[in-house]
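# Report on the structure
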Amino acid sequence: GCIRTGLAYHLHTLLPEKVFEAEVQGLHNLLERWKCNPRIEVLGQPETPRPRSPRAAIVSFMIRYGNAPGGLYLHYNYVVALLNDLFGIQARGGCACAGPYGQRLLGLDAATAKAFDEALMHSAQEVLRPGFVRVGVHFTMSTAELELLGSAVDWVARNGWRLLPAYSFCVETGEWHHRLSTPQQDREWLSASAPPVLHSSPLRELETSLKTKEQKVPEDLLAAADTALITSFKGENPIPLSSTRCPLLDADYAHLVWFALPTDAADALRAQEPTPCLATEAIFTKAAERPSESIFSISDTGKSLTIAAETAATATDAEIVPFEFGCEEGEENFDAEAKCEKPTYAATALAPKVPKSLRSQVAGAIKEYDMIREGDRLLVGLSGGKDSLTLLHVLLELQRRSPVKFTVAAATVNPETPEFAPEPLIDYLKALGVTYHFLSKPLIEMAKCHLDPKKPSICSFCARMKRGMLYTCMRENAYNVLCLGQHLDDFAESFLMSAFRNGSLRTMKANYAVAAKDLRVCRPLVNVREKTLANFAKENRLPVIADNCPACFAAPKERHRIKIMLSQQEFEHPDLFWSLSSCMKPLMSIAQTEKTMDWWRQLMADEDDEDGAAPALTQVARPPSPIVPPGSPASGPGNDHTRLVLVAVSSAIVGGIVVALARCR
């Protein structure tokens, strides 16, 4: 990558002077034209670039919604979608890779940037991320193409807000799409590039019938855009303004909503208002005040950027001091005799108040799946994320309240990668007074040497190694129950991934014995939603450790794609996860890691490869003791076994009766 970049820059320096003059002139024409439109705000230094100047022929800009002077913006991904759909112009939208310089371009101060960072970390609503639109001028562009680019951006700035009700967005990815768009119709088939001899094949005819007819590109794209503006809501296939809606946003971050929503423009169009306005209907998960202006503004940054550019030559990297936890040996100011300042924690982080609803969900799962019994010694697998930290505090709360006596400890596996630093958990667990085991091993380096070519998944290798280290810690310290922090969202994602990719009905188990029969693994958060855990961690200011695995950035995560799909479906079906929970109960109730079980267990595809151990025939024989309340009928593994057998036998009998009746008729 570095070599290719260097070659590209080298080739760029060899271009003749006329090439740079053409780019500079084209950029100058765009900037001069967009100055006349007050809704277009260009980022960066306002002066016109000169030939061979440091500024590249790339323009970054934002477009105002127009609801008020200094009001909201149009989302950069929405502007990108309009430029593509109406004019076929490929633009880029997103946050700045330049870090602090990009924040300065957007007018973001340190406090605002920190607020956005917290919102993105805890809410996972990527649509809130600030950013801008980028277009480029190239020396190969003709005068007509430059004119189209300038006119298209100017048209979007004047009329783009009127098409907002025709679009919607995904909260998790920030992508905007037309409400009537069908990706299947726009699919490009492989046979499209087939040789002429195959054009008459049956496969080609089928694919041709499925593909929509190609529309001729209009000669006047601006006139076509004006027509689309009129026919989008009035015509043969109009989009009803009354049905305009958008996904609900997190009310805790209402003050960070810097862009206009489709419902805003829909209200203005229904009221036939000449100027944009804000919607009165609910757009947040709960009651919250909607800001009428963006929390950041780039209109006043031009002057400050000019002053900053004059002093940039004398600036040094020492002005930007990154935050680091504690002291590091080898630094210039390191004092071996001095003690590093101990971290301080909020009172809620050391003694959080566990809501009754969360406590009841966890206690109900413990009772239903017989997870905790009298005298159990629990070891919590603590990654430092919101899920495992919340699980630890809930178990500590139940330990104080429950008549069933058990102990709680925690353990963390450190893969020794620079992207993941769980060392702050040592002081935090010490402040909590919880027995803590810090296990370290270079897992990523080990994967390079010991990864099985038949199973090249680094994630699977790392998971097996971590599980083995935890099992070893449990056996050495006499723990018998490993508590993991997977929640209901994780169960649903695993269920769909197994069905989609492997064609089998399986998911994680709620409580089961490992093959050696000396340990059990349970997941007390099986009935808890991920957003509940995120809210608990945020409200109590738990010291969440960011887990940035280097292997996860090599390829898109399949689990993340499933998470986005479930989120989109939940928007249409609010009870989706509870329906999936009922559907998965027989799978989650399996209490063994047996590989050679009865046929009905084999069909359920038990999680044998997760545990990586020899098969076990029976469960550890221990009398069930439900945690809360005492005296209630337990629903232990034995009852689950009997219930599943009865379900299988009943299904077979009913099926036989149906077949017999069908033959009689």
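Now for a description of the structure that goes with this document. (Residues numbered from 1 in each chain as written. Predicted model: local features only at pLDDT ≥ 70, side-chain atom pairs only at ≥ 80, totals over all residues. Heavy atoms only, no water.)

### Some remarks on helix α18 (residues 530–539)
- Among the residues making up α18, those that are buried are E530, L533, A534, F536, A537 and K538.
- The secondary structure elements touched by the buried residues of α18 are α5 (110–123), α12 (356–368), α13 (386–401), α17 (488–502) and α19 (558–572).
- One or two residues past the end of α18 sits R541, with phi positive at roughly 55°. (Buried < 20%, exposed > 50% of the residue type's maximum accessible area, 1.4 Å probe, protein only. Helix = DSSP H or I, 4+ residues; strand = E, 2+ residues; numbered from the N terminus. Contact = heavy atoms within 4.5 Å.)

### What to know about the packing of aromatic side chains
- Evaluated as defined, the whole model comprises 15 aromatic pairs.
- Relative to W176, the ring of Y78 has its centre 5.3 Å away and its plane inclined at 55°; by these criteria the two rings are tilted. Linking Y78 in helix α3 (residues 76–87) with W176 in strand β6 (residues 176–178), this pair joins segments that are 98 residues apart in sequence. W176 carries the same exposure label as Y78, and that label is buried.
- Seen from their ring centres, W258 and F259 are 5.2 Å apart, and the 75° between their planes marks the pair as edge-to-face. When sorted by exposure, W258 lands in the same class as F259, which is buried.
- One aromatic cluster in this structure is built from Y73, Y76, Y78, F116, Y167, F169, W176, W258, F259 and F296.
- Just above the ring of Y512 sits the side chain of K509; from NZ or CZ to the centre is 4.4 Å. (Phe/Tyr/Trp six-rings, centres within 6.5 Å; stacked < 30°, edge-to-face > 60°. Lys NZ or Arg CZ within 6 Å of the ring centre and 35° of its normal.)

### Points about the sheet that holds strand β12 (residues 520–522)
- If you walk across this open sheet you meet the 6 strands as β9-β8-β7-β10-β12-β11, and the pairing is mixed. Taken across any chain shown, the strands that pair with only one partner, and hence form the sheet edges, are β9 (435–440) and β11 (511–513). On average, each strand axis in the sheet is inclined to that of its neighbour by 25°, with strand direction left out of account.
- Note that β11 and β12 share 3 bridges and pair antiparallel. Of the residues in β12, the one forming a bridge with Y512 is V521. (Pairing = 2+ DSSP bridges. Axes fitted to C-alpha atoms, helices over the stretch in contact; angles between N-to-C directions.)

### Things to note about the sheet that holds strand β3 (residues 92–94)
- With antiparallel pairing, the 4 strands of this open sheet are ordered in space as β1-β2-β4-β3. Whereas interior strands pair on both sides, the edge strands pair on one side only; in this sheet they are β1 (40–42) and β3. Mean inter-strand twist for the sheet, computed between neighbouring axes without regard to direction, equals 35°.
- Pairing of strand β2 (residues 58–63) with strand β4 (residues 132–136), which is carried by 4 bridges, proceeds in the antiparallel orientation. Each bridged residue has a counterpart across the sheet, and for V59 the counterpart in β4 is V135.
- The strands touched by helix α6 (residues 143–159) are β1, β2 and β4; relative to β2, the strand with the most contacts, the crossing angle is about 15°.

None of the figures reported here should be taken as evidence of function without further support.
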